[in-house]
There are 2 protein chains.
Amino acid sequence: MPLGEARISIVGLGLMGGSLSAALAGSCAALKGYDQDPATRARALETGWFDSIAVNLSEAIQDADLLILAVPVRSILEILERIGHDLPAPRSVMDLGSTKVRIAEAMEKLPEYVDALPAHPMCGREVSGIASADPQLYNGCRFVLCPLERTSPRTLNLAHEITTRLQAIPLEIAPGLHDSLTALTSHLPYLLASALVHTASQQGAGKPVWDLAASGFRDTSRVAAGSLPMMIDILLTNKAPVLEALEGSRAFLEQLADAVENQDALLLEALLDPPRQIRSGLFIHNQEGDTP
Amino acid sequence: MPLGEARISIVGLGLMGGSLSAALAGSCAALKGYDQDPATRARALETGWFDSIAVNLSEAIQDADLLILAVPVRSILEILERIGHDLPAPRSVMDLGSTKVRIAEAMEKLPEYVDALPAHPMCGREVSGIASADPQLYNGCRFVLCPLERTSPRTLNLAHEITTRLQAIPLEIAPGLHDSLTALTSHLPYLLASALVHTASQQGAGKPVWDLAASGFRDTSRVAAGSLPMMIDILLTNKAPVLEALEGSRAFLEQLADAVENQDALLLEALLDPPRQIRSGLFIHNQEGDTP
């Protein structure tokens with residue numbers, strides 16, 4: 001089904017769902033939106049992006065060729081369990097959740113007549129809500145697709161058409177690989193950034209610590225300001241990879257502490273030069289400071 | 001002594017010293033530069049910022065009203081030890097080193113006729129070398145000054161005149177407070193960023209891990225690409241505050257790991273919400289993505 005003929009419903013109109021709606025506005029047969037927050041629904045009505053705003057979840061899913069779930073992971077899991085039971089079934093369902101293994105498992109349990117595709121666009125900002133929605137949010141970002149055995153070419157093709165519309169870069173990988181890699185590239189950065197802010201605020205309490213926080217602190221800590229419900233769902237649905245990533249960091253920080261304790265310049269260099277070299281070679285086509 | 005009458009010598013023409021030279025060019029009575037690297041000296045000659053480039057350290061210091069040491073901390077300590085002994089003595093000496101306690105101690109041991117002021121501009125980039133020098137580098141950044149009992153008003157006033165010229169924001173604090181706070185705002189971010197790159201590269205080896213590294217990973221890891229000799233000197237000259245900062249982070253990461261292990265959503269929220277709130281309130285007058 002071409003995008004231009006698809007009736008699309010987007011559930012969850014925060015930064016991700018709102019930005020997706022803004023980007024898809026006018027490109028599909030019908031765009032319906034729904035958010036559980038009445039104020040967000042009211043605001044969505046005023047954007048002009050939607051053909052209709054549903055008053056409840058059931059109405060949002062009704063008649064959808066493609067239902068896109070843009071809510072935190074545990075809410076996605078809850079909705080998937082109810083589809084075809086106390087909720088109607090869309091023709092296809094895709095999600096934008098941040099972890100994929102648990103969602104892929106839940107999609108495998110959908111009624112056979114519901115097509116399904118786990119997905120995850122690798123973008124985000126430290127702001128949230130429909131007020132921050134930006135049709136350019138997905139521009140240039142990786143859009144992970146995790147096709148399952150049950151995913152039809154029809155749904156996969158429609159997803160690719162959407163990534164093209166968003167100017168995103170599709171990447172097809174398995175759910176397990178997605179989750180182990182994003183533990184390293186997304187979940188661990190969040191936890192380390194939070195540890196940084198925690199430590200600076202605790203040990204710097206009552207002192208002019210923020211006066212000395214410059215661009216290094218600003219960038220290293222930025223993601224600690226991200227959406228808490230989203231991050232808690234991620235941590236709860238990606239336990240083993242997150243724990244492994246935390247353990248790797250903890251062991252490295254311990255080695256660093258030993259080297260500092262022993263004033264061992266050679267060991268510090270041996271530990272710190274490989275990450276320096278690796279990081280220097282990354283993002284070289286993507287100017288530092290740019291978004292995304 | 002007004003800036004316009006001062007003969008200034010800058011030793012170390014990397015990112016910091018080069019940018020300072022570019023910003024001071026034409027504003028003082030004479031600007032002399034020196035770097036131990038012959039290629040940097042040759043490049044400095046071509047910039048047009050200097051009245052002369054010295055051929056050795058002794059020649060650089062000779063006749064200076066103000067000597068500015070813009071080299072890594074341990075090199076600053078070495079030069080301070082030699083001033084008035086096998087090296088000539090400037091009228092005043094100021095440094096831009098990243099830690100201040102050890103340097104303040106070394107300055108207290110200078111011959112009495114040498115005036116001295118420890119300083120530290122809180123800016124930097126993940127690039128280094130004179131090729132990256134930028135007269136705007138110091139614009140808007142905090143410029144820490146740590147006046148000692150022996151620091152004369154003459155030297156302190158000249159330093160303030162320089163910060164004005166650089167459009168930097170002066171902040172006078174004691175060396176010990178500087179070192180304990182920068183351990184939190186600068187040294188810890190570097191170590192956490194290095195731990196992130198280390199862990200992602202080790203655990204992601206042989207997998208498309210960098211394909212999934214988006215803006216969150218990019219920003220959280222940025223400072224890991226910083227100058228290694230500079231960072232090693234910092235870690236070796238700020239041992240106790242760095243160890244305390246590492247210990248605080250390690251303990252917090254362990255609490256997080258326990259909460260993930262036990263799937264404890266309430267504890268995760270209790271741990272992660274305070275840093276989220278604090279970080280959300282920082283840098284609000286300084287657009288994310290801006291420099292510095």
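In this text, all values refer to a predicted model and were calculated from it rather than measured experimentally.

Reading guide: rules and limits
- Residue numbers here run from 1 along each chain, matching the order of that chain's written sequence.
- In the order they appear in the text, chains get letters beginning with A and ligands get numbers beginning with 1.
- The model is predicted, so local features are restricted to residues of pLDDT at least 70 and side-chain atom pairs to those at 80 or more, both for listing and for counting; the totals for chains, interfaces and linings are taken over all residues.
- Only hydrogens and water are set aside when side-chain values are computed; all heavy atoms of the structure are taken into account.
- What counts as an axis is a line fitted to C-alpha atoms, over the stretch in contact for a helix, and the angles between N-to-C directions run from 0 to 180 degrees.
- A run of DSSP states H or I qualifies as a helix once it reaches four residues; a run of E qualifies as a strand once it reaches two. Both are numbered from the N-terminal end.
- Note on terminology: angles under 35 degrees are roughly parallel, angles over 145 are roughly antiparallel, angles of 65 to 115 are roughly perpendicular, and the others are oblique.
- A crossing counts as left-handed when the near helix is turned anticlockwise from the far one by less than a right angle, and as right-handed when that turn is clockwise.
- For this analysis, residues touch if any pair of their heavy atoms sits within 4.5 Å.
- Lys, Arg, Asp and Glu make up the charged group, whereas Ala, Val, Leu, Ile, Met, Phe, Trp, Tyr, Cys and Pro make up the nonpolar group; the residues left over, Gly among them, are polar.
- The criterion for strand pairing is that DSSP finds at least two bridges linking the strands in question.
- We call a crossover right-handed when, viewed with the strands running away from us, the connection from the first strand over the helix to the second turns clockwise.
- Disulfides are defined as pairs of cysteine sulfur atoms found within 2.5 Å of each other.
- Here the term buried applies to any residue with accessible area under 20% of the maximum for its type, exposed to any over 50%, and partly exposed to those in between, with areas from a 1.4 Å probe on protein chains only.
- By buried area we mean the combined loss of accessible area, with a 1.4 Å probe, across both parts when two parts are placed together.
- The salt bridge criterion pairs a side-chain nitrogen of Lys or Arg with a carboxyl oxygen of Asp or Glu, the two atoms within 4 Å.
- Two N or O atoms count as a polar contact when they lie within 3.5 Å, although within protein this holds only if one can serve as hydrogen donor and the other as acceptor, and sequence-adjacent residues are included solely when both atoms are side-chain atoms.
- Think of it this way: a Phe, Tyr or Trp ring, Trp meaning its six-membered ring, pairs with another when their centres are within 6.5 Å, and the plane angle makes it stacked under 30 degrees, edge-to-face over 60, tilted otherwise.

> How would you sum up the packing of helix H7 (residues 175-203) of chain A against helix H7 (residues 175-203) of chain B? Please name residues and give values.
The contact between H7 of chain A and H7 of chain B brings their axes to 10 Å, and the two run at 160°. In terms of orientation, H7 of chain A and H7 of chain B fall into the roughly antiparallel class. Our pair here, H7 of chain A against H7 of chain B, has a crossing hand that is right-handed. Residues Leu184, Leu188, Pro189, Leu192, Leu196, Thr199, Ala200 and Gln203 of chain A of H7 of chain A form the contact with H7 of chain B, whose participating residues are Leu184, Leu188, Pro189, Leu192, Leu196, Thr199, Ala200 and Gln203 of chain B. Across the contact of H7 of chain A with H7 of chain B, the residue classes break down as twelve nonpolar, four polar and no charged.

> Tell me about the sheet that holds strand E6 (residues 115-121) of chain A, residues and numbers included.
The strands that make up a sheet pair up through hydrogen bonds in the backbone, lying either parallel or antiparallel. Residues and elements named next belong to chain A. One open sheet holds the eight strands; their spatial order is E3-E2-E1-E4-E5-E6-E7-E8, and the pairing between them is mixed. What marks the edges here is a single partner per strand, and that holds for strand E3 (52-53) and strand E8 (169-172). Against the sheet, helix H1 (residues 15-24) engages strand E1 (7-11), strand E2 (30-34), strand E4 (66-69) and E6, with an angle of about 155° to E1.

> A description of the environment of Leu196 of chain A should follow, citing residues and the corresponding values.
Its location among the elements puts Leu196 of chain A in helix H7. Apart from residues no more than four positions distant in its own chain, Leu196 of chain A is found in contact with Phe217, Thr220 and Ser221 of chain A together with Leu184, Leu188, Pro189 and Leu192 of chain B.

> Tell me about the pairing of strand E7 (residues 142-145) of chain B, residues and numbers included.
Residue and element names in this part refer to chain B. Note that strand E6 (residues 115-121) and E7 share three bridges and pair antiparallel. Within E7, the residue paired with Ala119 across the bridge is Leu145. Note: E7 against strand E8 (residues 169-172), four bridges, orientation parallel. By the bridge assignment, Phe143 is partnered in E8 with Pro170. Handedness of the β-α-β unit built from E7, helix H6 (residues 153-166) and E8 comes out right-handed.

> Report on the state of the cysteines, specifying residues and quantitative values.
Here is the idea: a disulfide is a covalent bond, and it sits between the sulfur atoms of two cysteines. Residue and element names in this part refer to chain B. Summed over all chains, the structure comprises zero disulfides over all chains. Cys141 provides the cysteine sulfur closest to Cys123, a residue in no disulfide bond, and the two sulfurs are 3.6 Å apart. Among the residues examined, Cys141 registers a relative accessible area of 2% and is labelled buried.

> Which residues make up the interface of chain B and chain A, and what values go with them?
Contacts between chain B and chain A engage 90 residues on the former and 90 residues on the latter. Both faces combined, the contact of chain B with chain A buries some 8400 Å², and carbon together with sulfur accounts for 72% of it. Across the contact surface, chain B and chain A share six salt bridges. Between Asp219 of chain A and Arg222 of chain B there is a salt bridge, with its nearest N and O atoms 2.7 Å apart. Counting across the interface, chain B meets chain A through 20 residue pairs in polar contact (both at pLDDT 80 or more). Mapped by element, the contributors of at least two residues to the side of chain B that touches chain A are E7, H7, helix H8 (215-221), helix H9 (228-237), helix H10 (239-261) and helix H11 (265-280) of chain B. At 20 residues, the largest contribution of residues to the side of chain B that touches chain A is made by H7 of chain B. Of the residues belonging to the side of chain B that touches chain A, the class tally is 47 nonpolar, 23 polar and 20 charged.

> Describe the pairing of E1 of chain A, and please don't skip the residues or the numbers.
Residue and element names in this part refer to chain A. Within E1, four of the five residues are buried, which leaves it mostly tucked inside the rest of the structure. Of the strand pairs in this sheet, E1 and E2 are connected by five bridges, and their pairing is parallel. When the sheet's bridge partners are listed, Arg7 is paired in E2 with Ala30. With H1 bridging E1 and the parallel E2, this β-α-β connection has right-handed handedness. Note that E1 and E4 share four bridges and pair parallel. Each bridged residue has a counterpart across the sheet, and for Val11 the counterpart in E4 is Leu69.

> Requested: an account of the packing of aromatic side chains, with residues and values cited.
Inspection of the entire model under this criterion finds eight aromatic pairs over all chains. Between Tyr138 of chain A and Phe143 of chain A, the aromatic rings sit 6.2 Å apart at their centres with planes inclined by 35°, giving tilted as the arrangement. The pair formed by Tyr138 of chain A and Phe143 of chain A is uniform in burial state, with each residue classed as buried. Taken together, a centroid distance of 5.5 Å and an interplanar angle of 55° make the contact between Trp210 of chain B and Phe217 of chain B tilted. Chaining the aromatic ring pairs together yields one cluster made of Trp210 and Phe217 of chain A together with Phe283 of chain B.

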